[in-house]
Amino acid sequence: RALRRREAEGDETGWAQAREEAEAARRELREVVRPLREPGYREALRRKAERARKRRLRLQRRKQEAKAAKEEEAARAAEREATIDQWRAKCIQEVEEKNRERELKAAADSVLSEVRKKQADTKRMVDILRALEKLRKLRKEAAGRKGVCPPPSADEAFENQVESLKTLLKNRTELYEAEERALRVMLEGEQEEERKREMEKKQKKEREKLLQQKLEIDSKLFGDPDEFPLAHLLQPFREYYLQAEHSVAALIQIRHEWDQYLVPADHPEGSCIPPGWVLPSLPTNDTWATAVR
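Residues numbered from 1 in each chain as written. Predicted model: local features only at pLDDT ≥ 70, side-chain atom pairs only at ≥ 80, totals over all residues. Heavy atoms only, no water.

Draft legend 1. Inspection of the overall build of the protein at higher detail. When helices and strands are counted, the protein shows 7 helices and 0 strands. Scanning the protein from its N terminus toward the C terminus, one meets helices and strands in the order α-α-α-α-α-α-α. Expressed as a percentage of its 293 residues, the buried residues of the protein come to 8%. Taking the contacts inside the protein whose residues are at least 6 apart along the sequence as the reference set, 55% of them involve residues at least 24 apart. When the accessible surface of the protein is totalled, it reaches about 25700 Å², and 55% of it is carbon and sulfur. (Helix = DSSP H or I, 4+ residues; strand = E, 2+ residues; numbered from the N terminus. Buried < 20%, exposed > 50% of the residue type's maximum accessible area, 1.4 Å probe, protein only. Contact = heavy atoms within 4.5 Å. Areas by Shrake-Rupley, 256 points an atom, 1.4 Å probe, with all protein chains shown as cover.)

This is the structure we're talking about:
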C-alpha cells in the first residue's frame, strides 16, 4: 500500500526507499516463517507445548498435594493438640478430685477426732470416778479396822454425788455417740453425692461421645449438614433415611420391614442385621477417591 501510494504520488525516490524496506521486511518474515514450513516443526512444537502443559499440570498437582499434605498435617496437629488437651484436662480433673477427697477426708477426720477426743475424755472421767469409788472403799475399810466409822450421811452424800456424775457422764457419752453417728451419716451422704455427681459426669461424657460418633457417621453417610444447604442434592436422601427420628409411624414401618429379615447368627442363608450404620469402605484407587471427594 505504501508503494502504491508513493507510485500514485510520483515520488520515485520515496518509492525506491519504501521498496527496499519492504524487501528487507519480506526477507525477515521469510526467515521467521521458514521453520514453520519444515516437515517436523509443527509436531515438535506440539510436543513442546504438550510438555509445557504437562509440566504446568505436574507443578499444579504438586502444589495441590503439598497444600493438601500441609492441611492434613495441620489437622493431625490440631487433633494431637485436642487429644493432649483432653488428657491434660482429665489429669487435672483427677488431681482435683483426689485433692477434694483428701480435703474431705481431712475435714472428716478432724471433726471425728474432736468427737473421739471428747469421748476419750468422758471415758477417762468414768475411769477416774471408778477409781475414786474404789479408793473410798479401801479407806473406809482401813478406817473400820481402826475403829473409825464415817456417819451414814457421808456415805449417802458420796453415793449421790457419784450417781449424779455417772448420770452426767452417761448423758455426755450418749450425746457424743449421737454426734459421731450424725457426722458419719453426713459424711457418707456427701460421699454418696460426690459419687453420684461423678457418675453423672461420666454418663454425660459417654452420651456426648456417642452423639459425636453418631454425627460423624451421619456426616459420612449423608454429608455435613453445616456445609450443605437445605436445598442440597443429598437433602431428600437425608430426610428419607432419617424419617424414623421424626415419625413414629415411619419408625414402626421400618422396623416391620427389617424384622422380616431377622435370622439367627448361624443361619446359612443370611446374617444378622447390623446394630448400626454400615459405613462405606475406604477408596481403593485414586479415581474412586476423587469421586468421593
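Draft legend 2. Examining the pattern of salt bridges more closely. Counted by the stated rule, this structure contains 12 salt bridges. Residue Glu43 is joined to Arg47 by a salt bridge in which the shortest nitrogen-to-oxygen separation is 3.9 Å. With Glu43 and Arg47 both in helix H3 (residues 41-145) and 4 residues apart, the pair spans about one turn of that helix. Glu43 sits in the partly exposed class, given a relative accessible area of 35%. The partner of Arg88 in a salt bridge is Asp85, with the nearest N and O atoms 2.9 Å apart. Within this pair, Arg88 and its partner Asp85 are both found in helix H3, separated by 3 residues, close to a single helical turn. (Salt bridge = Lys/Arg side-chain N within 4 Å of Asp/Glu carboxyl O.)

Draft legend 3. How the structure looks around a nonpolar patch on the surface. Taken together, the side chains of Phe237, Tyr240, Tyr241, Trp277 and Leu279 present a nonpolar region at the surface, about 550 Å² in accessible area. Within the element layout of this structure, Phe237 appears in helix H5 (residues 235-241). (Patch = residues over 30% accessible without salt bridge, like charges linked within 9 Å, V, L, I, M, F, W, Y side chains within 5 Å.)

Draft legend 4. Representation of the packing of aromatic side chains. One pass over the full model with this rule turns up 1 aromatic pair. Ring centres of Tyr240 and Tyr241 lie 5.1 Å apart, and the angle between their planes is 80 degrees; this geometry places the pair in the edge-to-face category. (Phe/Tyr/Trp six-rings, centres within 6.5 Å; stacked < 30°, edge-to-face > 60°.)

Draft legend 5. Broad picture of helix H6 (residues 248-259). Between the first and last C-alpha of H6 there are 16 Å, a value that for 12 residues agrees with the 16 Å anticipated at 1.5 Å per step. N-cap assignment for H6: the residue whose side-chain oxygen lies 3.3 Å from the backbone N of Ala250 is Ser247. (Expected span 1.5 Å × (residues − 1). Polar contact = N/O pair within 3.5 Å; in protein donor to acceptor, adjacent residues only side chain to side chain.)

Draft legend 6. Representation of a positive patch on the surface. Where like charges cluster on the molecular surface, the positive patch consists of Arg55, Arg58, Arg61 and Arg62. Take Arg62: it is sitting in helix H3. Exposure remark for Arg62: the relative accessible area of 52% places this residue in the exposed category. (Lys, Arg positive; Asp, Glu negative; His and termini not counted. Charge placed at Lys NZ, Arg CZ, Asp CG, Glu CD.)

Draft legend 7. A look at the environment of Arg130. Structurally, Arg130 can be placed in helix H3. Residue Arg130 is classed as exposed on the basis of its relative accessible area, which comes to 54%. Sequence-wise, Arg130 and Lys166 are 36 residues apart; in three dimensions their C-alpha atoms are separated by 9.6 Å.

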